[in-house]
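# Structural description and commentary
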There are 2 protein chains.
Amino acid sequence: MRRRTDRLSIEDFMLRPVEPIAPVAGQALIATRMIALDPYLARAMKSWTGEHPDWGDGTIHGRVIGEVLATRSPALAVGDHVLAVARWQAFDVVDAAQVEILDSRIDPPSLALGVVGRSGITAWVGLHLAAPQSGETLLVSAASGPVGSVVGQLAKARGLRVVGTAGGEEKCAYVRDTLGFDACLDHRLPDLVERIAAAAPHGVDILFENVGAPSLDAALPAMNRHGRIQLCGLAAHYNDEQPMALRHFKELLYRAITLRGFITAEHSHLFAPALAALHAGIDEGWIRHSETIVDGLENAPAAYLDMLKGQGIGKRLIRP
Amino acid sequence: MRRRTDRLSIEDFMLRPVEPIAPVAGQALIATRMIALDPYLARAMKSWTGEHPDWGDGTIHGRVIGEVLATRSPALAVGDHVLAVARWQAFDVVDAAQVEILDSRIDPPSLALGVVGRSGITAWVGLHLAAPQSGETLLVSAASGPVGSVVGQLAKARGLRVVGTAGGEEKCAYVRDTLGFDACLDHRLPDLVERIAAAAPHGVDILFENVGAPSLDAALPAMNRHGRIQLCGLAAHYNDEQPMALRHFKELLYRAITLRGFITAEHSHLFAPALAALHAGIDEGWIRHSETIVDGLENAPAAYLDMLKGQGIGKRLIRP
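We now turn to the structure provided with this report. Since the model is a prediction, treat every value here as computed from it, not as a measurement.

### Digging into the overall build of chain A
For chain A, the helix and strand inventory stands at nine helices and 14 strands. On C-alpha atoms alone, chain A measures out to a radius of gyration of 20 Å, which is about the 20 Å that the 2.2 N^0.38 rule sets for 320 residues. In terms of its C-alpha atoms, chain A occupies a principal-axis envelope of roughly 60 × 45 × 35 Å. Counting every position in chain A, which comprises 320 residues, the buried fraction comes to 56%. Across chain A, the fraction of contacts at a sequence separation of at least 24, relative to all contacts at a separation of at least 6, is 67%.

### Considering the relation of the copies chain A and chain B
One copy of the chain maps onto the second through a rotation around an axis plus a translation along that axis. Least-squares fitting of chain A to chain B yields an RMSD of 0.1 Å, with the superposition described by an axial translation of 0.0 Å and a rotation of 180°. Taken together, the rotation and translation relating the two chain copies correspond to the operation of a two-fold axis. If distances are taken from each C-alpha of chain A to the rotation axis, the shortest is found for A245(A), at 2.1 Å. Of all interface residues in chain A, 97% are interface residues in chain B too; the two copies therefore contact each other through one and the same surface.

### Topic: the side chain of D217(B)
All names here are of chain B. Its location among the elements puts D217 in helix α6 (residues 213–219). Although D217 lies buried, it forms no salt bridge, and the closest oppositely charged side chain, R247, sits 5.4 Å away as judged by the N-O distance. Other than its neighbours up to four places away in sequence, D217 contacts A245, L246, R247, H248 and F249.

### A few points about the packing of helix α2 (residues 118–129) of chain B against helix α8 (residues 271–283) of chain B
Residues and elements named next belong to chain B. Relative to each other, α2 and α8 sit at 105°, their axes nearing to 9 Å. Between α2 and α8, the interaxial angle falls into the category roughly perpendicular. Note on element contacts: α8 touches α2 through F271, P273, A274, L275, A277 and L278, opposite R118, G120, I121 and W124. By residue class, the composition of the contact of α2 with α8 is eight nonpolar, one polar and one charged.

### Re the packing of aromatic side chains
Inspection of the entire model under this criterion finds four aromatic pairs over all chains. It is R43(A) that lies over the ring of Y254(B); its NZ or CZ is 3.6 Å from the centre.

### Regarding the nonpolar core
Membership of the largest hydrophobic core comes to 120 residues, with the highest contact counts inside it found for W88(A), F249(A), W88(B) and F249(B). If we ignore the near neighbours within four places in the chain, the residues touching F249(A) are D217(A), L220(A), L216(B), L231(B), L234(B), M244(B), L246(B), F249(B) and L259(B).

### Overview of the interface of chain A and chain B
Across the contact, 32 residues belong to chain A and 31 residues belong to chain B. Summed over both sides, the interface between chain A and chain B buries roughly 3,000 Å², with carbon and sulfur atoms accounting for 60% of that surface. When the buried surface of chain A facing chain B is broken down by residue, F249(A), K250(A) and L253(A) rank first, second and third, together holding 23% of it. Here chain A and chain B share four salt bridges between them.

### Some remarks on the pairing of strand β7 (residues 161–166) of chain B
All names here are of chain B. Counting buried positions along β7 yields five of six residues, so the element is predominantly enclosed. Where strand β6 (residues 137–140) lies against β7, four bridges are found, and the strand directions are parallel. Bridging across to β7, V140 finds its partner in G164. In the classification by handedness, the crossover that spans β6, the intervening helix α3 (residues 148–157) and the parallel β7 is right-handed. In this fold, β7 hands off to helix α4 (residues 169–178), which returns the chain to strand β8 (residues 183–186); that crossover is right-handed.

### Some details on the environment of L102(B)
Residues and elements named next belong to chain B. Tracing the backbone shows L102 in the loop between β5 (100–101) and α2. For L102, a relative accessible area of 13% puts it in the buried group. Taking C-alpha positions, L102 is 6.5 Å from L83, a pair spaced 19 residues apart along the chain. In contact with L102, not counting residues within four places along its chain, are I65, H81, V82, L83, P109 and A112.

### A closer look at the side chain of K315(A)
Residue and element names in this part refer to chain A. Within the secondary structure, K315 is located in strand β14 (residues 315–319). A polar contact of 2.5 Å, which involves the side chain of K315, links it to the side chain of D38. One polar contact links K315 to S119, side chain to side chain, over a distance of 3.3 Å. Every residue in contact with K315, bar those within four places of it in the chain, is listed here: A36, L37, D38, L113, G114, S119, P146, S290, E291 and T292.

### Considering the pattern of salt bridges
When the charged atoms of two side chains lie near each other, side chains of opposite charge can form a pair. Residue and element names in this part refer to chain A. According to the stated counting rule, one finds 26 salt bridges over all chains in the structure shown. A salt bridge links D92 to R87; its shortest N-O distance comes to 2.8 Å. On the basis of relative accessible area, R87 is assigned to the partly exposed category, the value being 23%. Among the salt bridges present, the one from K156 reaches D182, with a minimum N-O distance of 3.0 Å.

### Considerations on the sheet that holds strand β9 (residues 204–209) of chain B
With mixed pairing, 12 strands are arranged side by side in an open sheet as β8(A)-β7(A)-β6(A)-β9(A)-β10(A)-β12(A)-β12(B)-β10(B)-β9(B)-β6(B)-β7(B)-β8(B). One side of each edge strand has no neighbouring strand; the edge strands of this open sheet are β8 (183–186) of chain A together with β8 of chain B. When strand polarity is set aside, the average angle formed by the axes of neighbouring strands in this sheet is 15°. Alignment of strand β6 (residues 137–140) of chain A against strand β9 (residues 204–209) of chain A, held across three bridges, turns out to be parallel.

### Some thoughts on unusual backbone geometry
Residue and element names in this part refer to chain A. Here the residue pair D107 and P108 is connected by a cis peptide bond, since its omega of 0° sits within 30 degrees of zero. Considering the arrangement of structural elements, one finds P108 in the loop between β5 (100–101) and α2 (118–129). With phi around 50°, A131 is a residue other than glycine that occupies positive phi space. Within the secondary structure, A131 sits in the loop between α2 and β6. The class of A131 is partly exposed, set by a relative accessible area of 39%.

### Some thoughts on the pairing of strand β3 (residues 81–87) of chain A
Consecutive side chains of a regular strand alternate in pointing toward one face of the sheet and then the other. Residue and element names in this part refer to chain A. Pairing analysis gives seven bridges linking strand β2 (residues 61–71) to β3, with the strands arranged antiparallel. Residue pairing across strands places V64 opposite A84, the latter belonging to β3. Both β3 and β5 contribute to a ladder of two bridges, which runs antiparallel. When the bridges of β5 are listed, V82 appears paired with I101.

### Structural notes on helix α5 (residues 192–199) of chain A
The α-helix advances 3.6 residues per turn, and as a result positions three or four apart in sequence lie on the same side. Residues and elements named next belong to chain A. Among the residues of α5, L192, I196 and A199 are the ones counted as buried. Down the axis of α5, the smallest arc covering the buried residues is 70°, so these residues share one side. Residues of α5 that are buried in the fold lie against β6, β7 (161–166), β8, β9 and α6 (213–219).

Definitions and limits used
- Residues numbered from 1 in each chain as written.
- Chains lettered and ligands numbered in written order.
- Predicted model: local features only at pLDDT ≥ 70, side-chain atom pairs only at ≥ 80, totals over all residues.
- Heavy atoms only, no water.
- Helix = DSSP H or I, 4+ residues; strand = E, 2+ residues; numbered from the N terminus.
- Rg over C-alpha atoms; globule rule 2.2 N^0.38 Å.
- Buried < 20%, exposed > 50% of the residue type's maximum accessible area, 1.4 Å probe, protein only.
- Contact = heavy atoms within 4.5 Å.
- Least-squares fit on C-alpha atoms with pLDDT ≥ 70 in both.
- Lys, Arg positive; Asp, Glu negative; His and termini not counted.
- Salt bridge = Lys/Arg side-chain N within 4 Å of Asp/Glu carboxyl O.
- Axes fitted to C-alpha atoms, helices over the stretch in contact; angles between N-to-C directions.
- Parallel < 35°, antiparallel > 145°, perpendicular 65-115°, else oblique.
- Nonpolar A, V, L, I, M, F, W, Y, C, P; charged D, E, K, R; others polar.
- Phe/Tyr/Trp six-rings, centres within 6.5 Å; stacked < 30°, edge-to-face > 60°.
- Lys NZ or Arg CZ within 6 Å of the ring centre and 35° of its normal.
- Core = buried A, V, L, I, M, F, W, Y, C linked by side-chain atoms within 4.5 Å.
- Buried area = accessible area lost by both parts, 1.4 Å probe.
- Pairing = 2+ DSSP bridges.
- Right-handed = clockwise from strand over helix to strand, strands pointing away.
- Polar contact = N/O pair within 3.5 Å; in protein donor to acceptor, adjacent residues only side chain to side chain.
- Arc of directions from axis to C-beta.

Structure (structure tokens):
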């Protein structure tokens, strides 16, 4: 990153050559095979002032899959695939104690950045915290994204009616036809409030919110008394310092709704059951998933900004 | 009420003569001694279209204290003071089954519309639901109002640090000096965000919100991780259909905050312990309270609109 800005733009990113670094004792050299375009990084990117403790030289650090090229740790072998937080570079040195060797059943390994990684875990944990009951109706925004897609399929498997919102008919068709949601609404078309009400004839019991004002505000008039909102993400606002304008905020009071912000990392005791359920769903064929992979590190800035704008389906990744 | 409007104004109200109605079996005729200017009525006033089930002829119905003038029910005696939902009139007939005879220890009887009525109960119930712990910090908006004033005093008695916000130095002085809050901040002055942070050096654990965007938005940056927001009222917005603009909404996510809208009427099993605690606090002298009484039914519309704008201290009442 070059500088602090209020709004991330392509000019905030730069690509520069780096020299390979030799690993010291306890470290390994990895080739970066896949980089996750995680929305939460935007906050750190925007606020970077040269003082981020983990971003010493301003190189973005994020979740990657690496292949071990050389190792000075007995815990890692050459050829191992590891999950790490590392620089957005073609290679990096990592502390063996800070990485996780991937389960060989994760194929392709990139899934460990998505459906059986933080995205899928976030979906499972967030849904678990919302205490879904069979017969309830769940509405989830960014339904074609790596979290929303899993939330909806998990909820379907638990007997809920599931309605998604997504940007564009292509995504909505994927959400309905491939993921099996009961309905998916294009949030770019008018009358979203009325269309949500029509798609949720018994009202919405759980809103799983990944986007922010546009979807949250349209959902509130359809929510049932004592509805629950799991506030998981605010993707529409990470690159926007404008106030969020909510026309229907009062419904939170009138309908005695509970809104809960949650941070996946705070619920690590739930990761094991989450991963077990996610692997089972994939093995049994009822969790479908997809990735949008862009080749070339030089394309990462544009792909990241596109992802923040909602482009792409499933987990968005860079293959350096 | 005359008509539906987006924003209540003095022209929406009219005073008209009424004829006394004789009570039938099971009813009583009451003289209205005090009328509560309850913020929640604004919603019904604004949306009245001639079809409100309880407002047949358009006369506002609200919480009142009445004195029984004539009775055709064995449950009521002439001279009884009753708590009722009745027309904003100098007299009305009420169903004996729908009213509550006031405890004679409530002196003056008007307190049954405030500190030992719905306002005090709302304060106790809302605070109870927030599970306050000794040593935590509570921030409450509309701190000189009938709910906020009691919330803060109850929280002080439970060992919390209590900070209020209110409109103007006169109210703040009352909140600090008479009610005994640790601090009270005038929300009309600039830099409220910074002043809240200074008044809550350990951060805010519980926000008890009675007002809406201006106080909620300023409080969010001071809230602790896992903070709780009891959304009790949105007084700044009842007479406003503009979107609520919240600059710091993202903090709900980043700090894993839980926001809970609650409706006092849904927690009636808590009314008895609430009233017991409120009476004890008054008898023991550590709950202080006040009323702002306006004489004359003809002054009710202006007084109601003034109340919505935040004028007056304690419970706002009309003495017909």
